[in-house]
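Overview (structure and organization)
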Amino acid sequence: MARLAWALPTLFSILLVYATDFTGFTLPVPFLIIIVCVMLAGSFGGVHTGLLSGCLASLFVVQSYFKEFGPQTLTGGWTQVALGSILFLFVGTSLGRLKDQRDNSIKSFRASEEQLKIYLKQEAEISEIETSKSAASEARLETAVRLAGIGHFSFEPGVEAHGSGTGNCKFCSVQHSMHFGLTPEEYQAVSSDKDKQLTIIHPDDHKLFLEALHQLDLGNTQNFEFRALRRDGEVRFIHQIEEPIFDKSGTMLETIGTSIDLTDLRSAEARVRQSQRIEAIGTLTGGVAHDFNNLLAIILGNLELSLEVSKDTERSELIQSAIKATLRGADLTKNLLSFSRRAHLEPSRQDLNKIVQQNMNWGTRVLPATIDVENSLMAGLWEVEIDPTSAENAILNIILNGRDAMPNGGKLTIETSNVRVGDEYVAQRDEDIEPGRYVMLAISDTGHGIPKDKLERVFEPFFTDKPVGLGSGLGLSMVQGFIKQSGGAIRVYSEVGVGTTFKLYFKAADYDALKTQKGLDEQSHAADGNASILIAEDEEEVMRILSRILRDAGYAITTAVSGDAALEVFKASGPFDLLLTDVVMPGKLLGPALANAVRQTDPELPCIFLSGYASEATVHGNELRPSDIRLMKPVSRTDLLQAVSEAISKVRKND
């Protein structure tokens, strides 16, 4: 409708011409005014408005012909009228068509513009999403790199790869520089000079590092490991991968690489190797201990039997001396087993301060007068569950090491304290110790100290820097084995020229767990003549000694050379009042399995287990009861008789 309004000027001009007949006013060039109005209608109203205006103007021309109004060129005849009408129609429709085409073009252009805006907006949104995803991906990658401890860097090509190359570091991540204890700026400055760069590389790895750089300059990818040397002297194991980047012409542009700190992994591998060495030596020692303790059992049994029948005082003294030597042999076996954590321990509730004081009462005799001893023992110290003899040996061993470290004299300090180890402490320091309450024993000397390269090996079996004949290398290994077997930990701190401190952590005893000590009653136990004992032992001489001692004590003895044979004897000749069995024997039934089998018939049968070394009963002792008695070979006559009497009396008391 708005467009049709543009036809009104044409209509108005025609009406104005008609009005001249009544007013007498003469309108100049009226037909020119009408055609201009038709042109305006077509130009601004479009083809339909132009056609309407043209039709109105054409009708006016026809009417003017009949009234003989207007110029002869336009209304003088039918030919002029037809041409004039056609002219008005042509002008109106032509200009209207041009108007519509222009409007359609503008509309199409604007639609295209709007579509383009939509496309641009969509592209912007997609780009924003992709940018957001890329940023999130980069953030995740950076987090993963940081958590994994991976550093990255890039270097310009060296002189060998490019005549004008400098080999300088172009980029260094924070993580990469941290491997060397530096900032990125410090690392770039140090690595700009190869001589300076070698100052942060362990001297033993200089050749390997320089060869890797040489191969990189030649265009070869390198995958190598070296030791970084920090300013504070700490050594870190770094694994590095570098790869050269070339352009299309084959010219090296740069080398890029990644690095990761493998120090914790290498330390863990070293601990595993140490554990495997200890386990291997322990396995070997355990096998030797089994056979050696069987031999000692035979020797000790025969000596004790000889001592009973001997009336000669001088001969008795010789036998007593031989018995003491045999028992020292048993102690030697126990010491050999202690570093592999297989020693037979008899823990009891102890006051560590008293053990230290007792030890120092006679232990200071081995210290020269040039060494001062100072004690700082905490009052109210928690009690601990440890084997007192092994604890004394551990303290003495460390004191002797301190003495050897101070040949010209010095000061030895012994202190105790209560400590609590929390979960956070264990997690942060990767400690091989359980959280809880501990009693700490620290022994410090002011000796020459231990170099860092040797400090890591002080607990290795057979490692010693003492001259030949002055140290076996087993002392600290046995101390560590005893501490670990007791559920504690041992730490060593040392500084060359200042001294060394050993800290022993013993797990504190429970407040309400007062365990009964295993102290042996020295009085002899009278045998019950009605008691019958089944002995299962594969070693013939050990069997003979055991049988002789028990028969002489008045017991009825039945023997078997294996667990399988003992089970058959039990079925044929049972019941018995006691089963005395070796832990490890030939055949299908070991000692614990034999006990389980005979208890299917006699559930209350007491059992005594003999073992060559402590872990035999641990490994094969799934069927052992808390009330069962365990004896370590070689066992003395007194200990054997007391154990037998105790086992039998418990059952009969319950009856």
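Keep in mind that this is a model prediction, so the values were computed, not measured.

Thresholds applied
- Along each chain, numbering runs from 1 in the same order as the chain's sequence is written.
- In keeping with the model being predicted, local features are shown solely for residues with a pLDDT of at least 70 and side-chain atom pairs are shown and tallied solely at 80 or more, while totals for entire chains, interfaces and linings include all residues.
- Note that water and hydrogens are dropped before the side-chain values are worked out from all heavy atoms of the structure.
- Comment: elements are numbered from the N terminus, with helices defined as DSSP H or I runs of at least four residues and strands as E runs of at least two.
- When a residue's accessible area, from a 1.4 Å probe over protein chains only, is under 20% of the maximum for its type it is buried; when over 50% it is exposed; and in between it is partly exposed.
- By definition in these notes, contact holds between two residues if any of their heavy atoms fall within 4.5 Å.
- Here a polar contact means two N or O atoms within 3.5 Å. Within protein one must be a hydrogen donor candidate and the other an acceptor candidate, and residues neighboring in sequence count only if both atoms are side-chain atoms.
- Only strands joined by at least two bridges in the DSSP assignment are considered to pair.
- Between N-to-C directions, angles span 0 to 180 degrees; the directions come from axes that are lines fitted to C-alpha atoms, helices contributing only their stretch in contact.
- Angle categories: roughly parallel below 35 degrees, roughly antiparallel above 145, roughly perpendicular from 65 to 115, and oblique for all the rest.
- We call Asp, Glu, Lys and Arg charged. Ala, Val, Leu, Ile, Met, Phe, Trp, Tyr, Cys and Pro are nonpolar, and the rest, Gly among them, are polar.

1. Things to note about the environment of glutamate 234
- Its place among the elements puts glutamate 234 in the loop between strand S3 (222–229) and strand S4 (235–246).
- Of the residues examined, glutamate 234 reaches a relative accessible area of 24% and is grouped as partly exposed.
- Sequence spacing of glutamate 234 and glycine 181 is 53 residues, and the spatial spacing of their C-alpha atoms is 9.2 Å.
- When sequence neighbours within four positions are dropped, the list of residues in contact with glutamate 234 reads Ala228, Leu229 and Lys452.
- A distance of 2.7 Å separates a polar atom in the side chain of glutamate 234 from a polar atom in the side chain of arginine 236.

2. Side note on the sheet that holds strand S15 (residues 578–582)
- Overall, parallel pairing links the five strands, which are arranged S14-S13-S15-S16-S17 in an open sheet. This sheet does not close on itself; its edge strands, each paired only once, are strand S14 (556–560) and strand S17 (629–632). Each strand axis lies, on average, 20° off the axis of its neighbour in the sheet, ignoring direction.
- Where strand S13 (residues 532–536) and S14 come together, five bridges link them in parallel fashion. Within S14, the position partnered with isoleucine 535 by the bridge is threonine 559.

3. Remarks on the packing of helix H2 (residues 30–67) against helix H4 (residues 78–148)
- For the pair H2 and H4, the least separation of the axes is 9 Å and the interaxial angle reads 170°. One way to sum up the angle between H2 and H4 is to call them roughly antiparallel.
- For the contact of H2 with H4, the per-class residue count stands at 21 nonpolar, eleven polar and four charged.

4. A word on the sheet that holds strand S12 (residues 499–507)
- An order of S7-S9-S10-S12-S11 is seen for the five strands of this open sheet, with the pairing classed as mixed. Each end of this open sheet is capped by a strand with a single partner; those strands are strand S7 (371–376) and strand S11 (489–495). Across the sheet, the mean angle from the axis of one strand to that of its neighbour is 15°, orientation sign disregarded.
- Pairing analysis gives six bridges linking S7 to strand S9 (residues 410–421), with the strands arranged parallel.

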